[in-house]
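Remarks on the overall topology
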Amino acid sequence: MWPFWWKGASGFSARSTAEEVTHGIDGTGLTAIVTGASSGIGEETSRVLALRGVHVIMAVRNTDSGNQVREKILKETPEAKIDVMKLDLSSMVSIRSFASEYKSLDLPLNLLINNAGIMACPFMLSSDIVELQFATNHLGHFLLTNLLLDTMKKTANERNREGRIVIVSSEGHRFAYREGIRFDKINDEASYNTMQAYGQSKLCNILHATELARQFKEQGVNITANSLHPGSIMTNLLRYHSFLNTIGNAVGKYVLKSIPQGAATTCYAALHPQAKGVSGEYLMDNNISNPSSQGKDKDLAKKLWEFSLSLTGEQES
């Protein structure tokens, strides 16, 4: 990441905020789902998209918290179109229920913002018996995306407007396990490392976008898929590491991004005209960047796709 004040090819920098990168953009007529929308950059992403006229569906685990955020956004922007729906990305039952309910509403879907995540938690298994960081950060979003793809394709086709999938990854993907993804040891508690497991899940986010983009291009579908690093931000992701959380709160204002800055790249990828047609890329600081060599491995992306299909019980579309 270049220094905050250096602007990249987009004309924006690490210091740019979500409001700044979407200034003058009219999102009226667009519908977006934002996961993890009740706090942090998910909340700010929802606020700014709603501010720009997008109909935002806040997909959240805690609907009480989600409704509190919704009321706060409506107080600031009374004309905002924003709704709250329950979604627990660590539960396939919850994901399927969310997707079914969304489809029953007969709403379009232009933007899917896969933002929710957990970071460096102690070893735990999801309700589906999958290591929790892999389950929440990657597998849940993989299933959600697959279940909503037909709706996105229909919307893009009927409205002749590009759909966009934005997957929030992290530079932490560079610190995954040596082999990148431990396909045969996803649930191995003995060799589990909190930060490497987080890195693995974030690498999966990049590879998911890569494979989606490849398939969309092959199928001639008017949808793009990109991943991104939002920046280093003090959010509740560090709740499992009290020491790091304490240090971050002490020095964060000097070296870390604010939440409005952290949500900028997501909003840029979702709304900015410069992102039209851009697909299969890894973005950082509102500009195209480069992931690790494993993040560029298309064979690994295909292997992850097949592995994820087998875990979710989905079939190739």
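Residues numbered from 1 in each chain as written. Predicted model: local features only at pLDDT ≥ 70, side-chain atom pairs only at ≥ 80, totals over all residues. Heavy atoms only, no water.

- In the annotation of an unreviewed UniProt entry, the protein chain is listed under the name Short-chain dehydrogenase TIC 32 and assigned to Cardamine amara subsp. amara.

1. Re the sheet that holds strand 3 (residues 82-86)
- Pairing within the open sheet is mixed, and its 8 strands lie in the order 3-2-1-4-5-6-7-8. Single-partner strands in this sheet number two, and they are strand 3 and strand 8 (287-289). Within this sheet the neighbouring strands show an average axis-to-axis angle of 25°, counted without direction.
- Relative to strand 8, strand 7 (residues 282-284) runs antiparallel, the two sharing 3 bridges. Of the residues in strand 8, the one forming a bridge with M284 is N287.
- Across the face of the sheet, helix 3 (residues 63-76) comes into contact with strand 2 (55-60) and strand 3 while running at roughly 175° to strand 3.
- In the packing of helix 5 (residues 132-159) onto the sheet, contacts are made with strand 1 (31-35), strand 4 (111-114), strand 5 (163-168) and strand 6 (223-229), and the angle to strand 4 comes to roughly 165°. (Pairing = 2+ DSSP bridges. Helix = DSSP H or I, 4+ residues; strand = E, 2+ residues; numbered from the N terminus. Axes fitted to C-alpha atoms, helices over the stretch in contact; angles between N-to-C directions. Contact = heavy atoms within 4.5 Å.)

2. With respect to helix 10 (residues 298-312)
- For helix 10, which comprises 15 residues, the first-to-last C-alpha distance of 21 Å matches the rise-based estimate of 21 Å (1.5 Å per residue) to within 8%.
- Three or more residues of helix 10 are buried, namely L300, A301, L304, W305, F307, S308, L309 and T312.
- The inward-facing, buried residues of helix 10 contact helix 4 (92-104), helix 5 and helix 6 (194-219).
- Two to three positions downstream of the cap, the backbone nitrogen of D299 sits 3.0 Å from a side-chain oxygen, assigning the N-cap of helix 10 to D297. (Expected span 1.5 Å × (residues − 1). Buried < 20%, exposed > 50% of the residue type's maximum accessible area, 1.4 Å probe, protein only. Polar contact = N/O pair within 3.5 Å; in protein donor to acceptor, adjacent residues only side chain to side chain.)

3. What to know about the packing of aromatic side chains
- Inspection of the entire model under this criterion finds 6 aromatic pairs.
- For the pair F12 and Y268, a centre-to-centre distance of 6.0 Å together with 75° between the ring planes defines the contact as edge-to-face. With F12 in the segment before helix 1 (18-21) and Y268 in helix 9 (residues 264-271), this pair connects stretches of sequence that are 256 residues apart. For the pair shown, F12 and Y268 are each scored as buried.
- Ring centres of F183 and F307 lie 5.1 Å apart, and the angle between their planes is 80°; this geometry places the pair in the edge-to-face category. Placement of the pair is F183 in the loop between strand 5 and helix 6 and F307 in helix 10, with a sequence separation of 124 residues.
- Looking at F183, the relative accessible area reads 17%, which means it is buried.
- For F307, a relative accessible area of 18% translates into the label buried.
- An aromatic cluster of at least three residues, connected via ring pairs, comprises F134, F183 and F307. (Phe/Tyr/Trp six-rings, centres within 6.5 Å; stacked < 30°, edge-to-face > 60°.)

4. Here's the deal with the pairing of strand 2
- The element strand 2 is extensively covered by neighbouring structure, given that 6 of its 6 residues are classed as buried.
- Of the two faces of strand 2, the one lined by H55, I57 and A59 and the one lined by V56, M58 and V60 are each fully buried.
- Examined bridge by bridge, strand 1 and strand 2 share 5 bridges and lie parallel to one another. Of the residues in strand 2, the one forming a bridge with I33 is I57.
- At this point the chain moves from strand 1, through helix 2 (residues 40-51), to the parallel strand 2, and the crossover so formed is right-handed.
- The pairing of strand 2 with strand 3 spans 5 bridges and is parallel. Following the sheet pairing, V56 is matched in strand 3 by I82. (Right-handed = clockwise from strand over helix to strand, strands pointing away.)

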